[in-house]
Structures are given as C-alpha cells and as structure tokens.
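Structure at a glance
What follows is each chain in one-letter form.
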Amino acid sequence: MTTTIERFEDYWSGGDPVTMNRFLTKTITPMLTIVTSYVLFVTLVGPSIMRERKPIPIRRMIIVYNFGLVAFYLYFLLRGAFFIPVLGFQFICGSLNSYETPIIPDIFDLGYQLYVVRYIELLDTVFLVLTKKFNMITPLHVFHHSIVPIFGWFGFRSESSGYLAVFMAVNCLVHIVMYTYYAIAALGPKYQKYIWWKKYLTSLQILQFFVMTFYLNIMYALGCVTSKFILMFCTFLSVLFFFLFINYYKRVYKHENKDGSPQKNGVHETNGIHAKNMQHKNGFPAAYKNDLKKEE
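Rules behind the numbers
- Going along each chain's sequence as written, the residues are numbered from 1 onward.
- In view of the model being predicted, local features appear only for residues whose pLDDT reaches at least 70, and side-chain atom pairs are presented and counted only at 80 or more, with totals across whole chains, interfaces and linings using the full set of residues.
- Heavy atoms from the whole structure form the basis of all side-chain values; hydrogens and water molecules are not counted.
- The term salt bridge refers to a pairing of a side-chain nitrogen on Lys or Arg with a carboxyl oxygen on Asp or Glu at a separation within 4 Å.
- Only runs of H or I of at least four residues qualify as helices and only runs of E of at least two qualify as strands under DSSP, and these elements are numbered from the N terminus.
- Only buried Ala, Val, Leu, Ile, Met, Phe, Trp, Tyr and Cys residues count toward a nonpolar core, and they belong to the same one when joined by side-chain atoms within 4.5 Å.
- Three exposure classes are used, based on accessible area relative to the maximum for each residue type with a 1.4 Å probe and protein chains only: buried under 20%, partly exposed in between, and exposed over 50%.
- Contacts between residues were defined by any pair of non-hydrogen atoms, one from each residue, lying within 4.5 Å.
- UniProt positions are given in the numbering used here, feature names are shortened, and annotations may be inferred rather than shown by experiment.

Regarding the pattern of salt bridges
- Under the definition given, this model contains 3 salt bridges.
- D109 is the salt-bridge partner of R22, the closest N and O atoms lying 2.9 Å from each other. A residue pair is termed long-range when its members are at least 10 positions apart, and R22 in the loop between α1 (4-11) and α2 (29-50) and D109 in helix α6 (residues 104-120) qualify at 87 residues.
- R118 is paired through a salt bridge with E121; the nearest N and O atoms lie 3.5 Å apart.
- Three or more residues are tied together by salt bridges with common partners; here these are R22, R79 and D109.

Details of the nonpolar core
- Formed by 76 residues in total, the largest nonpolar core has its most connected members in Y73, F76, L114, Y115, F151, Y163 and Y179.
- Elements represented by at least two residues in this core include exactly α2, α3 (59-81), α6, α7 (123-130), α8 (139-158), α9 (163-186), α10 (198-222) and α11 (228-253).
- Here the element with the most residues in this core is α9; it accounts for 13 residues.
- Each residue touching L114, except ones within four places of it in the same chain, is listed here: F72, Y73, F76, M168 and C172.

Quick notes on the environment of I63
- Among the structural elements, I63 can be located in helix α3.
- Through-space distance from the C-alpha of I63 to that of Y179 is 9.6 Å; in sequence the pair is 116 residues apart.

Observations concerning the UniProt feature "transmembrane region" (unreviewed entry) in the protein
- Per the UniProt record, the feature "transmembrane region" (unreviewed entry) sits at residues 28-50, 62-92, 137-156, 162-188, 200-223 and 229-249.
- Helix makes up 96% of residues 200-223 and strand 0%, whereas the separation of the span's terminal C-alpha atoms amounts to 34 Å.
- The span residues 229-249 is 100% helical and 0% strand by assignment, and the distance between its end C-alpha atoms comes to 30 Å.

Right under this line is the structure:
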C-alpha cells in the first residue's frame with residue numbers, strides 16, 4: 001500500500017526532471033531554511049541588532065542592486081522572446097518536455113535563473129533593516145517576499161506546462177518598471193522630479209494581477225495541461241494581490257492634495273508593498289529623502 005509520504009513525493013516529482021534536481025529545488029530544506037531565516041532576520045534579529053546603531057550608508061549599493069535587477073529582467077524577456085515562435089500555443093496551454101521540443105531545457109534553465117533571483121530580491125528587506133527604515137517592513141511586505149520562493153519551489157517540483165512562463169513574462173515586465181523607479185528614487189532628492197509616474201506604476205501592478213487572474217481562469221476553462229494545485233495557488237495569489245493593490249491605490253491616490261501629491265500619513269510602496277504612516281511629497285517619502293541627504 002502506498003504511504004502518504006510516497007504519494008507526497010510522487011505529486012511533487014512531476015516537474016522538469018533536470019530543473020527539479022538542482023540546488024534550491026531538489027529538496028524543500030534549502031528553501032524553507034532561507035525563507036525562515038529571512039523572516040526571522042527582518043522581523044526580529046535585524047531590528048534588534050540595528051536598534052542602537054546608526055543606519056549603514058549603503059545607498060550606492062542599493063542603486064547598483066536596483067539597476068542590476070532591471071538589467072536581469074530585460075535579459076530574461078529578450079531571451080524568452082526567442083522561444084515563442086518555436087512553441088506557439090504550446091507555450092500557453094500545452095505540456096513541455098524535451099522529447100518533443102529540444103529547446104525545453106533552455107526554457108526551464110531560464111526559469112530557474114528567475115527563481116534564483118527571487119531569493120536575491122529578499123535583500124530588499126535586508127536593506128531596509130540596515131538603513132533602519134523599520135516602518136516600511138510591514139507584515140504584507142514580508143509575506144510578499146516570503147511567498148514567492150515557496151510558490152516557485154512547488155511550481156518547479158510539480159509543473160511541466162508552459163503557462164508559468166507567461167506569468168513570469170508579465171511579472172518581469174512590471175519588475176523592470178518597478179526597479180527602475182526604485183533605482184531613480186535611490187539616486188537622491190534631486191532626481192525626484194523624474195519619478196512623477198509612481199501612480200501609473202501602481203496602476204500597472206493592478207493591471208498585472210487582473211490580467212493573470214483572467215488568464216488563469218481561461219486556462220482552467222480550456223482544461224490546459226497543468227498542476228491543479230499550482231493553478232489554484234497562483235490564482236489565489238493573483239486575486240489576493242489584486243485587491244491589496246486596489247486598496248493601496250484608493251488609500252493614496254484617491255485622496256491626493258490639490259497640488260497632486262498624495263495625502264499625508266498615506267502609504268509608501270516598497271517593491272510592491274507598502275508601509276503606513278509615511279509622509280509624502282510628490283510621491284517621495286520625506287523621511288527617506290532626509291536619510292539620503294545624510295548619505296550624500
């Protein structure tokens with residue numbers, strides 16, 4: 001008789017055989033260790049260490065970090081575009097395997113690179129700890145960064161279809177715009193005039209989750225070849241973040257001052273997540289601007 005553990009192992013062994021045996025995907029232990037360590041550091045250990053210390057001046061590192069992520073996401077989209085003419089509709093709804101299409105290993109390799117970068121993005125919150133911007137580290141911020149590696153692990157372990165590539169492409173496009181915004185913002189107050197489009201960045205993020213929720217429901221209706229668990233997981237996250245961003249938009253941009261700047265005591269977005277009780281001027285938090293002046 002098949003045991004529960006054996007059934008569990010069979011279910012999480014349906015992904016690409018090469019990718020799911022690589023570092024961070026072969027077993028669940030590395031992923032859980034990193035995510036757990038991340039949560040503990042940014043919520044307990046890090047703030048405790050930095051509480052009596054001065055903020056660490058790492059603005060230049062943050063600038064390089066943000067522009068580096070923009071470069072990676074551009075690379076991801078450009079390389080991924082070459083796969084579309086070969087796969088066609090199979091990319092969206094079919095099953096991907098190397099027996100039928102020789103370029104499949106390259107596709108999964110690209111997806112794995114994106115998965116690894118999701119761990120690097122955990123540094124977003126680490127930087128907030130080191131610069132003592134504790135009020136930006138909200139439960140929602142930590143949840144957002146924690147859930148992505150978890151979702152990625154389950155996806156690579158069980159998914160063999162190409163629909164996740166579509167989700168990744170849309171998400172990468174948004175990340176290019178988002179990290180460009182953060183990179184320019186980190187350059188200092190004198191560049192503030194170039195980030196007037198924050199409101200439209202939020203609209204783009206809302207549109208992203210709306211499109212993905214619609215797309216996932218179409219996939220379900222068509223009966224596409226996919227892991228039902230990952231399909232439901234992805235749909236849940238898309239719907240959840242769609243409403244969270246709608247709530248953010250209403251709280252900030254539906255109550256703008258007459259000069260067009262968001263209301264005081266609104267929220268500040270940090271890599272897609274926001275923190276409460278931050279005063280803004282033209283979409284740029286005043287406290288953060290003062291910190292930047294000290295580093296210059």
